[in-house]
Amino acid sequence: MNYLALTKSKIENFKKTGENEKQNALKELKILMLQFTSLPPSPSAPIEEEFDLALQIIELEMEYALQKKEEKAFELAYLKAKQFYFEYEGKIIKKKSEKKLYFIGLYLLYLLSNNKTTDFSTEVELLKKEDLTNSYIKISRNLEQSIMEGNYKQITQMKQSSDQFYNFFLSKFDDAIRYQIARSAEKSYDSLKVSDAMTMLMLNNESELVNFIKAQEGIEDREINWVL
């Protein structure tokens, strides 16, 4: 069995692998990728099957990171997939990945839920016009619009999805909403009563407010420091 046939077999086996064995199975797939002779930065002529299988492995890596709720690992895996989606698809890889827009939509949600709005706008600009109407892409675009408008009620109503990974990022928008409200409060008020701040930020008690304030201390682009 050659390395490409073995890789295909390993990919199919990975999909049936139990959770406890997936990490090792993914490592095996990454090791197999080292045998691919035409992936960048190799000067060899591109082999479509190698690029196609490499993308499948990276997509499995993204899915595994999401299952483990490891956002940084998901981001790093997506940045590898991004090159395949936007540089190699249609040129080296003739067949479009069925999961492309699904993972792009998840990455856009990741950026929004972590307040990386500039990166979000940059990523949206890379998309084709017809992709902007895709249901996975529209979730994050509608959320971004609601955040810009300050329509937080709409955001709360949108925080439902049938997909577990989309739900994971959507559930983080309570913090993203509070961040935007806090940014507005910084521009609008010299000070706030604790009770008013709790109401404005939709917090249940003073302890939650203290934890929120502490979380702001680690954010580099804060315009002011909160003092209780």
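Our subject is the structure listed above.
Not measured: the values here are computed from a predicted model. (Residues numbered from 1 in each chain as written. Predicted model: local features only at pLDDT ≥ 70, side-chain atom pairs only at ≥ 80, totals over all residues. Heavy atoms only, no water.)

Student: Can you break down the overall build of the chain residue by residue, with the values?
Tutor: For the chain, the helix and strand inventory stands at twelve helices and zero strands. When the helices and strands of the chain are read in sequence order from the N terminus, they spell out α-α-α-α-α-α-α-α-α-α-α-α. Structurally, the chain occupies a C-alpha span of about 70 × 40 × 35 Å along its principal axes. Long-range pairs, those at least 24 residues apart, make up 58% of the contacts in the chain with a sequence separation of at least 6. Total accessible area computed for the chain in this model is approximately 13,300 Å², and 48% of it derives from carbon and sulfur atoms. Taken together, the 32 basic and 36 acidic charged side chains of the chain have centroids lying 3 Å from each other. (Helix = DSSP H or I, 4+ residues; strand = E, 2+ residues; numbered from the N terminus. Contact = heavy atoms within 4.5 Å. Areas by Shrake-Rupley, 256 points an atom, 1.4 Å probe, with all protein chains shown as cover. Lys, Arg positive; Asp, Glu negative; His and termini not counted. Charge placed at Lys NZ, Arg CZ, Asp CG, Glu CD.)

Student: Outline the packing of helix α3 (residues 48-67) against helix α5 (residues 100-113), supporting the account with residue identities and numerical values.
Tutor: Look at α3 against α5: their axes get within 12 Å of each other, and the N-to-C directions meet at 40°. By the angle between their directions, the pair α3 and α5 is classed as oblique. Judged by the twist between their axes, the crossing of α3 over α5 is left-handed. Seen from α3, the contacting residues are E59, M62, E63 and L66; seen from α5, they are K100, F103 and L106. (Axes fitted to C-alpha atoms, helices over the stretch in contact; angles between N-to-C directions. Parallel < 35°, antiparallel > 145°, perpendicular 65-115°, else oblique. Left-handed = near helix turned anticlockwise from the far one by under 90°.)

Student: I'd like a description of the environment of N151, backed by residues and values.
Tutor: Within the fold, N151 resides in the loop between α7 (135-149) and α8 (152-158). Spatially, the C-alpha atom of N151 lies 27 Å from that of V227, the residues being 76 residues apart in sequence.

Student: Which residues make up the pattern of salt bridges, and what values go with them?
Tutor: Counted according to the given criterion, the structure contains 13 salt bridges. Several salt bridges share partner residues, and in doing so they unite K30, E61 and K80 into one network. (Salt bridge = Lys/Arg side-chain N within 4 Å of Asp/Glu carboxyl O.)

Student: Give a description of α3 that names residues and reports values.
Tutor: For α3, with 20 residues, the first-to-last C-alpha span of 29 Å sits near the 28 Å given by 1.5 Å per residue. Taken across its 20 residues, α3 has 14 buried, putting it largely inside the fold. Downstream of α3 by a residue or two, K69 has a phi angle that is positive, lying close to 60°. (Expected span 1.5 Å × (residues − 1). Buried < 20%, exposed > 50% of the residue type's maximum accessible area, 1.4 Å probe, protein only.)

Student: Run through the environment of I92, naming residues and quoting values.
Tutor: Mapped onto the fold, I92 is located in the loop between α4 (71-88) and α5. With residues near it in sequence (within four places) discarded, I92 still touches P46, E48 and F51.

Student: How would you explain the packing of aromatic side chains if you had to name every residue and give the values?
Tutor: Taken as a whole, this structure holds 17 aromatic pairs when the rule is applied. Ring geometry for F74 versus F169: centroids 6.0 Å apart, planes at 45°, classification tilted. Of this pair, F74 sits in helix α4 while F169 sits in helix α9 (residues 164-170), placing them 95 residues apart in sequence. By relative accessible area, which is 0% here, F74 ends up buried. (Phe/Tyr/Trp six-rings, centres within 6.5 Å; stacked < 30°, edge-to-face > 60°.)

Student: Lay out the environment of S9 with the relevant residues and their values.
Tutor: Mapped onto the elements, S9 comes out in helix α1 (residues 3-16). Looking at S9, the relative accessible area reads 29%, which means it is partly exposed. As for S9 and L201, which are separated by 192 residues in sequence, their C-alpha atoms are 51 Å apart.

Student: Would you mind going over the side chain of K22 in detail, with residue names and values included?
Tutor: Here K22 shows up in helix α2 (residues 19-33). In contact with K22, other than residues within four places in its own chain, are F14, T17, Y64 and Q67.

Student: How would you explain the side chain of E61 if you had to name every residue and give the values?
Tutor: For E61, the location among the structural elements is in helix α3. Setting aside chain neighbours within four positions, we find E61 in contact with L26, K30, A77 and K80.

Student: Describe helix α10 (residues 173-188), listing the residues and the values that go with them.
Tutor: Between its first and last C-alpha, α10 extends 22 Å over 16 residues, near the 22 Å set by a 1.5 Å rise per residue. When we look at burial in α10, the residues that qualify are F173, A176, I177, R178, Y179, I181, A182, R183, A185 and E186.

Student: An account of unusual backbone geometry is requested, with residue identities and associated values reported.
Tutor: Across the junction of P40 and P41, the peptide omega takes the value 10°, indicating a cis bond. The phi dihedral of N115 falls on the positive side, at around 60°, and the residue is not glycine. Summarising the element assignment, N115 is placed in the loop between α5 and α6 (117-125). For N115, a relative accessible area of 26% gives the class partly exposed. Positioned with a positive phi, M202 is a non-glycine residue whose angle comes to about 60°. On the secondary structure map, M202 appears in the loop between α11 (194-200) and α12 (206-216).

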